[in-house]
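Summary of structural features
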Amino acid sequence: MASFIVAFSALLAAQVALTSPVGSRTPYRVKESHHVPRGWKRVRRAPADHVIDLQIGVKQGNFAELERHLYEVSDPDHQRYGKHLSAAEVNELVKPTNETLDLVHEWLEDNGISPSGYSSAKDWITVTLPVSAIERLLDTEYHVFEHKDGGVVARAPKWSLPLHLHEHVDTIQPTNSFFRARAEKFDHVEAPIYIDPKYTPPSNETLNAVCNVSSVTPECFQTLYSTKGYKTHACGKNKIGFNNFLGEHPIRSDAEKFLAKYRPEAVSSAKDFPQITIADGPGDYALTPEEIASGTSKEANLDVQAIAGISWKTPIISYSTGGSPPFTPSPSTPDNTNEPYLVWVNWLLSQKSFPQVITTSYADDEQTVPESYARRVCQQFAQVGARGTSLLFSSGDSGVGPYGECLSNDGKNTTKFLAEFPPSCPYVTAVGATKNFEPEVVAYRPSFVGPDGITRGNYTSGGGFSNYFAAPAYQAKHASSYVKNLKGQYDGLYNKAGRGYPDISAQGLYFAYFWNGTEGTISGTSASCPLTGGIISLVNDALISSGKPPLGFLNPWLYSKGYKGLTDIVSGSAVGCGVDGFPAVEGWDPVTGLGTPIFPELVKLAGGQLFY
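Residues numbered from 1 in each chain as written. Predicted model: local features only at pLDDT ≥ 70, side-chain atom pairs only at ≥ 80, totals over all residues. Heavy atoms only, no water.

When two helices pack together, their arrangement is captured by the angle between the axes and the distance separating the axes. Where helix α15 (residues 525-545) contacts helix α17 (residues 599-606), the axes come no closer than 10 Å and their chain directions differ by 45 degrees. Taken together, the axes of α15 and α17 are oblique relative to one another. Every pair of crossing elements has a handedness; the one defined by α15 and α17 is right-handed. Taking contact as the criterion, the partners of Ile535, Leu538, Val539, Ala542 and Leu543 in α15 are, on α17, Phe599, Leu602, Val603 and Ala606. Taken together, the residues of the contact of α15 with α17 break down into nine nonpolar, no polar and no charged. (Axes fitted to C-alpha atoms, helices over the stretch in contact; angles between N-to-C directions. Helix = DSSP H or I, 4+ residues; strand = E, 2+ residues; numbered from the N terminus. Parallel < 35°, antiparallel > 145°, perpendicular 65-115°, else oblique. Left-handed = near helix turned anticlockwise from the far one by under 90°. Contact = heavy atoms within 4.5 Å. Nonpolar A, V, L, I, M, F, W, Y, C, P; charged D, E, K, R; others polar.)

Compared with the 18 Å implied by 1.5 Å per residue over 13 residues, the 18 Å span of helix α4 (residues 98-110) between its first and last C-alpha is a close match. Among the residues of α4, those classed as buried are Thr100, Leu101, Leu103, Val104, His105, Trp107 and Leu108. A positive phi of about 70 degrees marks Gly112, the residue just after α4. (Expected span 1.5 Å × (residues − 1). Buried < 20%, exposed > 50% of the residue type's maximum accessible area, 1.4 Å probe, protein only.)

Along strand β5 (residues 124-130), five of the seven residues are buried, which leaves the element largely enclosed by surrounding structure. With seven bridges joining them, strand β3 (residues 51-58) and β5 adopt antiparallel strand pairing. Note that in β5 the partner of Asp53 across the bridge is Thr128. Remark: five residues form the turn of the hairpin made by strand β4 (residues 117-118) and β5, two consecutive strands paired antiparallel; Lys122 in that turn has positive phi of roughly 60 degrees. (Pairing = 2+ DSSP bridges.)

Turning our attention to the packing of aromatic side chains. Taken as a whole, this structure holds 31 aromatic pairs when the rule is applied. Seen from their ring centres, Phe245 and Tyr341 are 5.2 Å apart, and the 90 degrees between their planes marks the pair as edge-to-face. Of this pair, Phe245 sits in the loop between β11 (240-244) and α8 (252-262) while Tyr341 sits in helix α12 (residues 340-349); the two residues are 96 residues apart in sequence, bridging distant segments of the chain. There is no split in this pair, since Phe245 and Tyr341 are both buried. Taking the centre distance of 6.0 Å and the plane angle of 75 degrees together, the rings of Tyr474 and Phe553 count as edge-to-face. (Phe/Tyr/Trp six-rings, centres within 6.5 Å; stacked < 30°, edge-to-face > 60°.)

Backbone torsion omega between Gln173 and Pro174 reads 5 degrees, so that peptide bond is classified as cis. Tracing the sequence through the fold places Pro174 in the loop between β9 (169-173) and β10 (182-183). With an omega dihedral of 5 degrees, the bond running from Tyr501 to Pro502 counts as a cis peptide bond. One non-glycine residue with positive phi stands out, namely Ser226, at about 60 degrees. Mapped onto the elements of the fold, Ser226 is located in the loop between α7 (218-224) and β11. Even without being a glycine, Asp280 presents a positive backbone phi close to 65 degrees.

Looking now at the sheet that holds β4. Strand order in this open sheet of four strands is β4-β5-β3-β9, and the pairing throughout is antiparallel. Only two strands of the sheet have a single partner each, and these edge strands are β4 and β9. As paired elements, β3 and β9 share four bridges and run antiparallel to each other. If you follow Ile56 over to β9, its bridge partner there is Ile172.

Tracing the chain through its elements places Asn540 in helix α15. Those residues in contact with Asn540, other than ones at most four positions away along the chain, are Asn238, Gln356, Val357, Pro550 and Leu551.

Another point: the sheet that holds strand β2 (residues 40-45). Where strands meet in a sheet, backbone hydrogen bonds hold them as pairs that are either parallel or antiparallel. What the three strands build is an open sheet, ordered β2-β6-β7; its pairing is antiparallel. Only two strands of the sheet have a single partner each, and these edge strands are β2 and β7 (152-155). Averaged over all pairs of adjacent strands, the angle between their axes in this sheet comes to 35 degrees, without regard to strand direction.

Now for the confidence of the model for the chain. Averaged over every residue, the pLDDT of the chain is 90; the share at 70 or more is 91%. Across residues 324-336 the pLDDT falls below 50, and counting only partners more than four positions away or on other chains, this stretch makes 33 contacts in the model. (pLDDT = per-residue confidence, 0-100.)

Considering all chains together, one arrives at three disulfides under this definition. For Cys378, the disulfide goes to Cys425, at an S-S distance of 2.0 Å. The sign of the S-S torsion, about 80 degrees, decides the handedness of the disulfide formed by Cys378 and Cys425: right-handed. One end of the pair, Cys378, is in helix α13 (residues 371-386); the other, Cys425, is in the loop between β17 (420-421) and β18 (429-435), and 47 residues separate them in sequence. On the basis of relative accessible area, Cys378 is assigned to the buried category, the value being 1%. The disulfide partner of Cys406 is Cys577, and the gap between their sulfur atoms is 1.9 Å. Here Cys406 and Cys577 share a disulfide; its torsion about the S-S bond, -90 degrees, makes the bridge left-handed. Separated by 171 residues along the polypeptide, Cys406 in the loop between β16 (390-394) and β17 and Cys577 in the loop between β29 (566-567) and β30 (596-597) bring together distant segments of the chain. Of the two residues examined, Cys406 and Cys577, each falls in the buried class. With cysteine numbering restricted to those in disulfides and following the sequence, the chain has the pairing 1-2, 3-5, 4-6. There is no disulfide at Cys529, and the cysteine sulfur nearest it, in Cys425, is 14 Å away. (Disulfide = S-S within 2.5 Å.)

What follows is the structure, given as structure tokens:
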């Protein structure tokens, strides 16, 4: 009996050794936990041999100083305006202290782990490990979670670190982030074209001749926003980029058909823009039968066609980011483990140079992302802005939130409006959507029942207030004034002190575009975002051609001077969550921001020269 007890005790000790973290100079304590968002269900333990690229967000040395530099070079009233930082200067400000790096490296070495990569400033460390090793490292358990829409990921809602590392590590992912990077597009092909009953054609004959409310084309955009006839002069220096996730990649033959019909002089741009692949993202190839069946690349096509249609001859760059390492999905294996924004932005920051404008048409509910992770990704965006690039993100397509889903993710299921991330990040420019022409109003298309009997929700320009980020100084007076004028309406449903978004808007309903060789229409802030990016890129062309720096991080300029070159939108609201949502008003509002572009005025306010 005694020998059995000894043997059993030895076996138990061996099991504990295999599943517990190694000895540490301090005990392990929970670093972070995050509720599993609605729509996800836990289905099984994650496969022990499934390999994950674990990203360790090491505490940055002096982000506060980086932020100060960002605001100074982005403030048109500051003497340093336009004097953007170099990559080396940015890295020097955010690199971790030697103490922090030494302690993290010591912890990894004690666990027999060597880093597989670093970000350019060494503020992110990558380790590539099987789930079993990560579970031991973080004293956690990974499970496979499945989304109601079919997505599958491996996540650990709660994870731990040795106590002495808590102040040196901000976040580690993928652990408890359920960010899905959905495309902000509304493209139900079976939806009948909805014409606003209040719509009246433009009285301006020129505008009326080129703008069709049921299929809006580049000539309409050029006329509406007064870019028509502008001739680019800085093509050797000025560039614009756009992001693709979820297996999306732009199809050249579709772009060629689109430009041949709507911007013939720009057809060459469909053939010569580079497609850069990151982390095994999809490359430059025609649609496969599987992609056609799933509707892949509608978003990517929209982005490149919207940009090329407005900003020719400005060079375009496409970035397609995938998951890494690659694997074949199976019943026991998750189909995408990585966090796409982090992989992309850290790759970008490692480059010597990048486009002066980059647009992104993907987002998710802010509450699906742990606050620590949202803050660190946002701080990476700040580094891009400090180097002189404008980052534009679509603001969402569900107003203040999708109907039936407006509940908190804190375990209390409190009714609340749902903010979106990354547009809620204060270091990016969030773009909302409008429709109609004279005047433009908030983009809106009511819900409808399709031929299949399924009800589709309404599409409305997304907007609201962050629950993670406070209203930044450049926006504080605008946001507080708006909240005050609501006079208590929607109290308790949003964060009155939060960063409000969007910042600016443009057309976002029924864009003409081509996919799989066929013309159709597509809507969403994922349409207004690349369109706005193309217009901002033209402003940069006028600046660079005049010997001046590009606009860089836009918001401080927009809120202090640039708003004078925008058309204020005062009709419509951010319909969502079963209510009308935040209304558009004079001045800034959380549905269309400060308004839509008037290109010549923006150039004049920025100090550039117009070339017609």
